[in-house]
Amino acid sequence: MKSSRRRFLKLAGIAALGLGSRPVVDAAYAAVGGQAAPEPKVGRQPEALTAKQWAMVIDTRRFESAADMEPLIEACHSIHNVPHFENKRHEIKWIWETEYKHAFPGKENDFLPWEVKERPYLVLCNHCENPPCVRACPTKATFKNENGIVVMDFHRCIGCRFCMAACPFGSRSFNFRDPRPFVAETNKKFPTRMKGVVEKCNFCAERLAEGKMPACVEASDGALVFGDLYDPQSKVRQVLNDNYTIRRKQELGTSPAVYYIV
Amino acid sequence: MPTNNKRMYDKGMVLAGLVIFVVVVTFPFWYNLGKAAPPPEPVLTEKAKAAEKCVESTEFMKAEHMQLLDVWRDTVVRDAKRAYINPEGKTYMMSLSNTCLDCHDNKADFCDKCHNYASVRPYCWDCHIDNPKETE
Ligand code: SF4
Ligand code: SF4
Ligand code: SF4
């Protein structure tokens with residue numbers, strides 16, 4: 001086969017022509033009257049709520065005891081099938097109660113008002129604007145979505161727990177055991193998780209998509225305010241404008257989107 | 001002249017051994033001959049029958065439902081878009097738990113029938129609860 005190189009070049013030329021001819025063929029097909037099958041489309045439900053960055057303001061003055069927070073925690077944990085483990089080391093939590101010194105370390109001035117120091121504080125994932133958990137995740141299972149929510153794609157999580165090491169707020173929990181038997185009453189409309197997966201608050205992305213406010217906000221009787229941080233007309237901005245607020249560990253630069261009126 | 005002295009030693013034993021080997025190796029084939037498991041017939045619920053058409057054509061759903069679900073999952077979780085508008089313009093919420101299983105609330109007689117036949121074990125059910133209406 002002496003001419004093999006020539007033949008190869010010829011063939012390559014014909015192949016390139018073939019590749020380039022796709023639009024021509026398509027156009028000819030359309031001209032003949034053939035029609036490509038209509039394609040399905042995806043989109044947002046019309047009632048979906050969107051934002052540049054969802055944010056929350058918690059009025060801590062409204063919570064005097066753990067009992068005041070219980071309904072909010074219950075609302076979240078029941079609709080999201082968050083398991084309840086007696087063993088503290090297996091604990092899973094999306095939203096929980098903590099003390100001032102743990103919520104705001106570094107802001108413990110001497111002689112703080114007694115009620116500020118002793119009051120319980122409600123904490124959850126801050127949906128940071130500069131989230132270190134997202135950068136740490138090797139699989140992109142944790143990512144910031146277009147509404148500013150730090151979402152977990154449970155399908156992708158490999159349970160490496162880098163995100164837990166990266167989050168300075170302890171907002172994430174790891175499923176050391178199969179959580180299903182520990183969910184008292186499952187909400188069939190929301191999935192559970194499986195063993196070996198990390199989980200945390202999702203700012204109720206599934207409810208916002210249906211035009212509903214997060215469950216904890218709904219159960220808070222106005223103590224929690226939710227809205228778009230970058231919409232000057234939003235309720236969150238009004239509240240931020242009218243009250244002095246603080247954020248958790250602001251000095252770390254993660255820029256939490258959960259604000260506290262103290 | 002090369003000697004053409006190719007003698008087979010223990011001819012009888014060798015041939016008998018070969019026959020036994022072939023029989024043993026092909027045993028599963030002729031043993032099961034004509035006894036193929038009947039193809040599964042997934043059961044449609046009344047609601048599914050009444051709907052007449054799934055989100056896409058039956059042929060498409062039979063062959064491609066796994067790809068469809070994969071696209072749904074990524075679009076919902078990662079792109080925050082939950083509405084699926086099929087070629088006829090009908091809108092569905094993209095949700096295994098709340099849309100698929102709303103009609104097909106008989107996982108054992110629908111999903112499992114074919115999955116067991118084809119010996120596939122989708123891990124959807126590790127997290128998604130299989131029957132949304134069980135306690136409603
Ligand atoms: S609070 Fe923790 S988990 Fe939530 S976004 Fe910030 S770093 Fe990530
Ligand atoms: S545990 Fe999951 S979410 Fe966290 S970093 Fe690893 S893969 Fe990402
Ligand atoms: S925003 Fe939703 S997921 Fe997050 S703590 Fe509140 S109820 Fe739970």
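Residues numbered from 1 in each chain as written. Chains lettered and ligands numbered in written order. Predicted model: local features only at pLDDT ≥ 70, side-chain atom pairs only at ≥ 80, totals over all residues. Heavy atoms only, no water.

1. Looking at the overall build of chain A
Right, on to step 1. Of regular secondary structure, chain A possesses ten helices and eleven strands.
Right, on to step 2. The principal-axis extents of the C-alpha atoms in chain A amount to approximately 95 × 40 × 40 Å.
Right, on to step 3. Entry remark: accessible area of chain A is about 14600 Å², with carbon and sulfur atoms responsible for 54%. (Helix = DSSP H or I, 4+ residues; strand = E, 2+ residues; numbered from the N terminus. Areas by Shrake-Rupley, 256 points an atom, 1.4 Å probe, with all protein chains shown as cover.)

2. Some points on the site of ligand 2
Right, on to step 1. Around ligand 2, 14 residues are found, and the nearest of them are C137, C157, C160, R161 and C163 of chain A.
Right, on to step 2. Tallied by class, residues from the shell around ligand 2 come to ten nonpolar, three polar and one charged. (Near = heavy atom within 4 Å. Nonpolar A, V, L, I, M, F, W, Y, C, P; charged D, E, K, R; others polar.)

3. Looking at the pattern of salt bridges
Residue and element names in this part refer to chain A.
Right, on to step 1. Counted by the stated rule, this structure contains 15 salt bridges over all chains.
Right, on to step 2. As a salt-bridge pair, D59 and R61 come within 2.9 Å of each other at their nearest N and O atoms.
Right, on to step 3. With relative accessibility at 42%, the residue R61 sits in the partly exposed group.
Right, on to step 4. Between K93 and E91 there is a salt bridge, with its nearest N and O atoms 3.9 Å apart.
Right, on to step 5. Via salt bridges that share partners, K88, E91 and K93 belong to a single interconnected network. (Salt bridge = Lys/Arg side-chain N within 4 Å of Asp/Glu carboxyl O. Buried < 20%, exposed > 50% of the residue type's maximum accessible area, 1.4 Å probe, protein only.)

4. Thoughts on unusual backbone geometry
Right, on to step 1. At F111 of chain A, a residue that is not glycine, the phi angle is positive and equals roughly 60°.
Right, on to step 2. With respect to the helices, strands and loops of the structure, F111 of chain A is situated in the loop between helix 4 (100-103) and helix 5 (114-118).
Right, on to step 3. On the basis of relative accessibility, which here comes to 80%, the residue F111 of chain A falls in the exposed class.
Right, on to step 4. For S119 of chain B, which is not a glycine, the phi torsion comes out positive at approximately 55°.

5. Observations concerning the pairing of strand 2 (residues 54-59) of chain A
Residue and element names in this part refer to chain A.
Right, on to step 1. Counting buried positions along strand 2 gives six out of six residues, so the element sits mostly inside the fold.
Right, on to step 2. Here strand 2 shows two buried faces, one formed by W54, M56 and I58 and the other by A55, V57 and D59.
Right, on to step 3. Strand direction decides the pairing type here: strand 2 and strand 9 (residues 224-228), joined by five bridges, are antiparallel. Following the sheet pairing, V57 is matched in strand 9 by V225.
Right, on to step 4. Here strand 2 pairs with strand 11 (residues 258-261) via four bridges, running parallel. Bridge pairing in strand 11 places M56 opposite V258. (Pairing = 2+ DSSP bridges.)

6. Digging into the sheet that holds strand 11 of chain A
One key point about sheets: their strands pair by backbone hydrogen bonds, in either a parallel or an antiparallel sense.
Residues and elements named next belong to chain A.
Right, on to step 1. Sheet architecture is open: four strands sit in the order 9-2-11-10, paired in mixed fashion. On the outer flanks of this sheet lie strand 9 and strand 10 (245-246), each paired with one strand and no other.
Right, on to step 2. Against the sheet, helix 10 (residues 235-242) engages strand 2, strand 9, strand 10 and strand 11, with an angle of about 120° to strand 9. (Contact = heavy atoms within 4.5 Å. Axes fitted to C-alpha atoms, helices over the stretch in contact; angles between N-to-C directions.)

7. Observations concerning the site of ligand 1
Right, on to step 1. In the vicinity of ligand 1 lie 14 residues, with C125, C128, C133, C167 and R172 of chain A positioned nearest.
Right, on to step 2. Of the residues in the shell around ligand 1, the class split is nine nonpolar, three polar and two charged.

8. Re the domain arrangement of chain B
Right, on to step 1. By the assigned domains, chain B splits into domain 1 (1-36) and domain 2 (46-127).
Right, on to step 2. Here domain 1 of chain B and domain 2 of chain B have C-alpha centroids that lie 50 Å from each other. (Domains from an automatic or database assignment.)

9. Quick word on the confidence of the model for chain B
All names here are of chain B.
Right, on to step 1. Mean pLDDT for chain B: 89, with 93% of residues reaching 70 or above.
Right, on to step 2. Counted against residues more than four places away or in other chains, residues 132-136, with its pLDDT under 50, gives ten contacts.
Right, on to step 3. Predicted complex metrics record ipTM = 0.80 and pTM = 0.82. (pLDDT = per-residue confidence, 0-100.)

10. Quick word on the domain arrangement of chain A
Right, on to step 1. When cut into domains, chain A gives domain 1 (2-31) and domain 2 (54-132 + 182-187 + 201-261).
Right, on to step 2. On a C-alpha basis, the centres of domain 1 of chain A and domain 2 of chain A stand 62 Å from each other.

11. Section: the interface of chain B and chain A
Right, on to step 1. Taken together, the contacts link 29 residues of chain B with 33 residues of chain A.
Right, on to step 2. For the chain B and chain A pair, buried surface summed over both sides reaches about 2600 Å², with 56% attributable to carbon and sulfur atoms.
Right, on to step 3. A per-residue breakdown of the area chain B buries against chain A is headed by R78, R82 and I129 of chain B, which together make up 26% of the total.
Right, on to step 4. Linking chain B to chain A there are one salt bridge.
Right, on to step 5. Summed over the shared surface of chain B and chain A, the number is ten residue pairs in polar contact (both at pLDDT 80 or more).
Right, on to step 6. Summarising the sheet, strand 1 (residues 41-43) of chain A and strand 1 (residues 83-85) of chain B pair through three bridges and their orientation is antiparallel. Considered in strand 1 of chain B, the bridge of K41 of chain A is made with I85 of chain B. (Buried area = accessible area lost by both parts, 1.4 Å probe. Polar contact = N/O pair within 3.5 Å; in protein donor to acceptor, adjacent residues only side chain to side chain.)

12. Side note on the packing of aromatic side chains
Residues and elements named next belong to chain A.
Right, on to step 1. Per the counting criterion, the structure on display carries twelve aromatic pairs over all chains.
Right, on to step 2. Note on F85 and F182: the rings are 4.4 Å apart at their centroids and 40° apart in plane angle, and the pair reads as tilted. Of the two residues, F85 sits in the loop between helix 3 (66-79) and strand 3 (95-98) while F182 sits in the loop between strand 7 (173-174) and strand 8 (198-199), which places them 97 residues apart along the sequence.
Right, on to step 3. Given a relative accessible area of 6%, F85 falls into the buried group.
Right, on to step 4. Look at F182 and you get partly exposed, because its relative accessible area is 27%.
Right, on to step 5. Of the aromatic side chains, those joined through ring pairs into one cluster are Y100, F104, Y121 and Y260. (Phe/Tyr/Trp six-rings, centres within 6.5 Å; stacked < 30°, edge-to-face > 60°.)

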